[in-house]
Amino acid sequence: MARGRDREGAAGAPRGVLVTFEGGDGAGKSTHIRFLARALADAGREVVSLREPGGTAVGESLRALVLDPANEGLADTAELLIYEAARAQLVAEVIRPALERGAVVLCDRFSDSTVAYQVAGRGLDAAFVDAANAFATGGIAPDRTLVLTAGDGRSTLGRATHGTAGDRLERAGDAFHARVNEAFLELARREPGRVRVVDSSGARSATAAQVFASLSDLFPWMADVARADGSYFSVLDDKRALAAWLDRPAGPAAPAEGAARA
Ligand SMILES: Nc1ncnc2c1ncn2[C@@H]1O[C@H](COP(=O)(O)OP(=O)(O)OP(=O)(O)O)[C@@H](O)[C@H]1O
Ligand SMILES: Cc1cn([C@H]2C[C@H](O)[C@@H](COP(=O)(O)O)O2)c(=O)[nH]c1=O
């Protein structure tokens, strides 16, 4: 967990791990969060999967409000404050307690989305947004952020909208979404230690292998899975098989954390 990047809580208990998934709409974040959550649970970790805005009753109400195309007159400044309000509630109600318990928190979007969408996309002031993010998170920052992208300049928006007009943000236009996608890549260039780019233009299994490789310093058993066991990810390429894999009863289908692997 961030705040000083210490790995211990007040009583010496191990802190949890916060992993955030970022990228344009339709990048593949929720698909890989579901798969990763199940793999981590199989390895014996408590996993809390969340989305932003959302993850609390207040946050889900704010999500409906901010994404509703009927609210087309929403001011950019008001939009920012809605995202920050949802984040403040999520951190206070769910993320901070989960990290203090030692859980792995997987969050579909976090403060980097506000930098990409409200600063690069809408043109709001970067310093003000940084301060608002710090206020809402209380200083909690991700241990690792994975930016999913279909390659430089390529949009995944169509994978989210499926030919419909989409929600209020998805309707913001091609130039807006191009600025958002570039902002995520810029974040990765600026903070290479925390932010890693994952290519989601190919097969879901290939993307998952990159996700595991990008987390292997935090969860060492993932290095072996990503390197050696391509078949572990193949279930991702068949949607029915994936649904069955995710729904199967609890049990170890991934190596227990800390287990030595040849
Ligand atoms: N390599 C890939 N990794 C993940 N998803 C992929 C990949 N290739 C295609 N897809 C498809 O892209 C679609 C969008 O995926 P998903 O819903 O996980 O994205 P998302 O980033 O959570 O979207 P949103 O921004 O709308 O919440 C899904 O139909 C998924 O199967
Ligand atoms: C957290 C956050 C999100 N957004 C935008 C990004 C997406 O267009 C929507 C969320 O929908 P998704 O299906 O869950 O991706 O909201 C934003 O503009 N600013 C933010 O801080």
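What you are looking at is a predicted structure, and each value in this text was computed from that prediction instead of being measured.

Caption draft 1: Here's a closer look at the overall build of the protein chain. Summing up its helical and strand segments, the protein chain has 10 helices and 5 strands in all. Intrachain contacts of the protein chain at a sequence separation of at least 6 include 75% that bridge at least 24 residues.

Caption draft 2: Highlighting the site of ligand 1. Around ligand 1, a shell composed of 16 residues is seen, among which Gly28, Lys29, Ser30, Thr31 and Ala160 lie nearest. Put simply, the parts of the chain that give the shell around ligand 1 at least two residues each are α1 (29–42), α6 (157–161) and α8 (204–214). Sorting elements by how many residues they give to the shell around ligand 1 places α1 first, with 4 residues. Tallied by class, residues from the shell around ligand 1 come to 3 nonpolar, 9 polar and 4 charged.

Caption draft 3: Expanded view of the site of ligand 2. In the vicinity of ligand 2, 13 residues are found, and the nearest of them are Tyr83, Ser113, Thr114, Tyr117 and Leu169. Top element by residues in the shell around ligand 2 is helix α4 (residues 111–121). It accounts for 4 residues. Grouping the amino acids of the shell around ligand 2 by side-chain chemistry returns 4 nonpolar, 3 polar and 6 charged.

Caption draft 4: Quick peek at the nonpolar core. Counting residues in hydrophobic clusters, the biggest one holds 59 residues, and the most contacted among them are Val104, Val105, Leu106, Val147 and Phe212. The element best represented in this core is helix α3 (residues 76–101), accounting for 7 residues. Ignoring anything within four residues of it in the chain, the contact list for Val147 reads Glu22, Gly23, Phe184, Leu187, Ala188, Val195, Val197 and Val198.

Caption draft 5: Structural detail: the UniProt feature "binding site: ATP" (unreviewed entry) in the protein chain. In the numbering used here, UniProt assigns the "binding site: ATP" (unreviewed entry) feature to Gly23, Gly24, Asp25, Gly26, Ala27, Gly28, Lys29 and Ser30. Take Gly24: there are 28 C-beta atoms within 10 Å of it, and that puts it in the buried class. Aside from chain neighbours lying at most four places away, what touches Gly24 is Ser155, Thr156, Leu157, His177, Val180 and Asn181. For Asp25, the position within the fold is in the loop between β1 (17–23) and α1. A count of 21 C-beta atoms within 10 Å places Asp25 in the buried class. Excluding its chain neighbours within four sequence positions, the residues that come into contact with Asp25 are Thr156, Leu157, Ala160 and Glu170.

Caption draft 6: Representation of the sheet that holds strand β4 (residues 144–149). Read across the sheet, 5 strands follow the order β2-β3-β1-β4-β5 without closing on themselves; strand pairing throughout is parallel. The sheet is open, and its two edges are formed by β2 (47–51) and β5 (195–199), each paired on a single side. Between one strand and the next, the sheet's axes are offset by a mean angle of 20°, whatever the strand orientation. Running over the sheet, helix α7 (residues 174–190) touches β1, β4 and β5 and is turned about 140° from β4.

Caption draft 7: Representation of the packing of α8 against helix α9 (residues 221–228) in the model. The contact between α8 and α9 brings their axes to 8 Å, and the two run at 150°. Comparing the axis directions of α8 and α9 gives the class roughly antiparallel. Pair α8 / α9 crosses with left-handed handedness. Between α8 and α9, the residues in contact are Ala209, Phe212 and Ala213 and Met222, Ala223, Val225 and Ala226, respectively. When grouped by side-chain class, the residues that make up the contact of α8 with α9 number 7 nonpolar, no polar and no charged.

Definitions and limits used
Residues numbered from 1 in each chain as written. Chains lettered and ligands numbered in written order. Predicted model: local features only at pLDDT ≥ 70, side-chain atom pairs only at ≥ 80, totals over all residues. Helix = DSSP H or I, 4+ residues; strand = E, 2+ residues; numbered from the N terminus. Contact = placed C-beta atoms within 7 Å. Near = placed C-beta within 6 Å. Nonpolar A, V, L, I, M, F, W, Y, C, P; charged D, E, K, R; others polar. Core = buried A, V, L, I, M, F, W, Y, C linked by C-beta atoms within 7 Å. Buried ≥ 20, exposed ≤ 12 C-beta atoms within 10 Å, placed from the backbone. UniProt positions renumbered as here; feature names shortened; annotations may be inferred. Pairing = 2+ DSSP bridges. Axes fitted to C-alpha atoms, helices over the stretch in contact; angles between N-to-C directions. Parallel < 35°, antiparallel > 145°, perpendicular 65-115°, else oblique. Left-handed = near helix turned anticlockwise from the far one by under 90°.

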